[in-house]
Structure formats: structure tokens, C-alpha cells
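Chain by chain, the residues run as shown.
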Amino acid sequence: MRPDSPILLVLHGSGGTGAGLRDAVGADIEKVADEHGFVVAYVDGYRNNWNECRVGGRWPAKVAGVDDVALMRHVVKSIGTGGPVYAVGFSSGGHMAMRLALEASDLVGGVGVVAANPPVVGNQSCSTDGDPVPIMFVEGREDPINPLSGGEVRVRAGSSQGSRGEVLSAADGARWYARHNGVGTVPERGPERSGGVESTVWDGADPVRLVVLDDTGHTFPTASGGWGPSGAEPYDAPGEIWRFLTTG
């Protein structure tokens, strides 16, 4: 770790932990970190959850009114490098990353969102008038929890079970961020297909990228295959997100 090392905040999904996400995909994330010289911080949410932007759902962090933006500021300060800060989150952690993009653009220089679509207007509790930051979405076409075409998000098992309200489709959610980021509603590139990967990019000062993966469910895709059985070809989400956040 150098005094100017960048920091990547990695945020787990509902019911998860930083250690659990590290066990699942940490080797892939840390391989990218070794190649590019950044610090990885796996952050634990209060009682395995985040107080992110969705109105729907009464999970512990939301009921307790936890200030998770302040938590992220504390984590960054405690690490103590002066480099840029980014965040990547899976599922509910992706929604927490979106909260950072909307409410803490002074902290994060960009975010990556995996397996999470932005909430519909009636399910959105965060302020949306802050400065924009680049954002990249990685979504599975066969995701049974976060529906690619939008609709209700429902966790059906464990301590975090219940409805999280409705989300936009992946395409409409990316378009919402393109408008928010001032990069327009018409994509400059895409959708472009390469094998099982479909990519759409809105270029500009604060770009937006949407990647949709065929044969992929509610998982964090990696070069080594993500976790669990999957018929999809490997996709290096950690590497692609890092390259997007740091080079556009």
C-alpha cells in the first residue's frame, strides 16, 4: 500500500458478509488489485444489510436508520491513503453503491453495480440532485431475484427474506443514470454483442455502461467462473469494472 493507492470498497448482498463475498470472488478481485495497485476493503453492513436507497423492505440497517454513507467515509479515512476511491457492490450492495454515487460523489470517483437495477421512482428514497459519477452495471439475463426486465425484487430465503419493492428494467435504469449523468438518453455505442456479452455505453464526462450476460443468474461473474453452477462463459466483472472506472 502506497500513500496514493486507490481504494475499492466491496459491498456484499443481503444477508452476506465481506468475508463471505471475499471467499466467493475475492481471488479474482485481488488479482486485479495486484495488477493495478489498489487497496481492497470488504465492508460489513449492519446485521448483514445496508441502508440503501430502496423504500421497500424493512431489513435491520434500514429500520435502525444506519448512516452507511458515514460508515464508508470512516472506512476510507481509516485506511488512510490519498488515492481515489471507488465502490463495487453485489445485489443489495449494488444498491448501496448506487447510494454512494447519488449522495457521496465527493467520496467516490465511480461505482460498479452487479445484479441490481435502480429502483422505480416510488421506491427511491435517496437524494438524486448530487453531482454525477461514472457507473457500470453488470446484469444477468436469467437473474430470478433482480429481474432484467424490471418489477418486484423478492428475497425468498434467510434472515433477509421479503420484498424490496420494484426496480426499473436494466436498460431503463441505465438510461436513468445516463440522464442523471448528463450523457443523454440515446446510447452512442450499442448494444454491441460479443459472444454471450451484450454491452451498451453512454459516453461523456461521467459515462454509463450496461453489460448484460447470457445464461447468468444472481451471481458475481468473474474470469474464473463466479460462484455456483452456471452455463455462462466466464466474464471478468472485477477487471472490466476497474478498467471502466479508471479509464472510461
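Residues numbered from 1 in each chain as written. Predicted model: local features only at pLDDT ≥ 70, side-chain atom pairs only at ≥ 80, totals over all residues. Heavy atoms only, no water.

A word on the state of the cysteines. All chains considered together, the criterion is met by 1 disulfide. Between the sulfur atoms of C53 and its disulfide mate C126 the distance is 1.9 Å. Note on the C53 and C126 pair: the S-S dihedral is about -95°, so by sign convention the disulfide is left-handed. With a gap of 73 residues between them, C53 in the loop between β2 (39–43) and α2 (60–63) and C126 in the loop between β4 (111–114) and β5 (135–140) connect regions that are remote in the sequence. C126 shares its class with C53; the two are buried. (Disulfide = S-S within 2.5 Å. Helix = DSSP H or I, 4+ residues; strand = E, 2+ residues; numbered from the N terminus. Buried < 20%, exposed > 50% of the residue type's maximum accessible area, 1.4 Å probe, protein only.)

We now examine helix α5 (residues 170–180). Residues of α5 that are buried: A170, G173, A174, Y177, A178 and H180. Across the axial projection of α5, the buried residues extend over an arc of 165°, all falling on one side. Looking at the buried positions of α5, the neighbouring elements they touch are α4 (92–103), β5, β9 (197–202) and β10 (208–213). (Arc of directions from axis to C-beta. Contact = heavy atoms within 4.5 Å.)

Bringing the pattern of salt bridges into the picture now. On inspection of all chains with the given rule, the structure shows 16 salt bridges. Across the salt bridge formed by E198 and R141, the nearest N and O atoms sit 3.8 Å from each other. Within this pair, whereas E198 is found in strand β9, its partner R141 is found in the loop between β5 and β6 (151–155), the two being separated by 57 residues in sequence. A relative accessible area of 30% places R141 in the partly exposed class. Residues E152 and R154 are paired through a salt bridge, measuring 3.1 Å at the closest nitrogen-oxygen approach. Look at E152 and you get partly exposed, because its relative accessible area is 40%. The exposure class assigned to R154 is partly exposed, which follows from its relative accessible area of 32%. Among the ionic contacts, a cluster of salt bridges with common partners joins R141, R193, E198 and D214. (Salt bridge = Lys/Arg side-chain N within 4 Å of Asp/Glu carboxyl O.)

Counting residues in hydrophobic clusters, the biggest one holds 39 residues, and the most contacted among them are L9, L11, M72, L100, F137 and V208. Counting residues per element, this core draws most heavily on α4, at 6 residues. In this structure, V208 is in contact with I135, F137, A174, Y177, A178, N181, V183, T200, V201, W202 and F244, ignoring residues within four places of it in sequence. Of all hydrophobic cores here, the second largest spans 25 residues; its members include F90, I241, W242 and L245. (Core = buried A, V, L, I, M, F, W, Y, C linked by side-chain atoms within 4.5 Å.)

Once that is clear, we can look at unusual backbone geometry. Here G190 and P191 are connected by a cis peptide whose omega angle stands at 0°. On the secondary structure map, P191 appears in strand β8 (residues 189–194). A positive phi angle, near 50°, is found at R47, a position not held by glycine. Of note, the phi angle at D215 is positive, near 55°, even though the residue is not glycine. Inspection of the secondary structure puts D215 in the loop between β10 and α6 (237–247).

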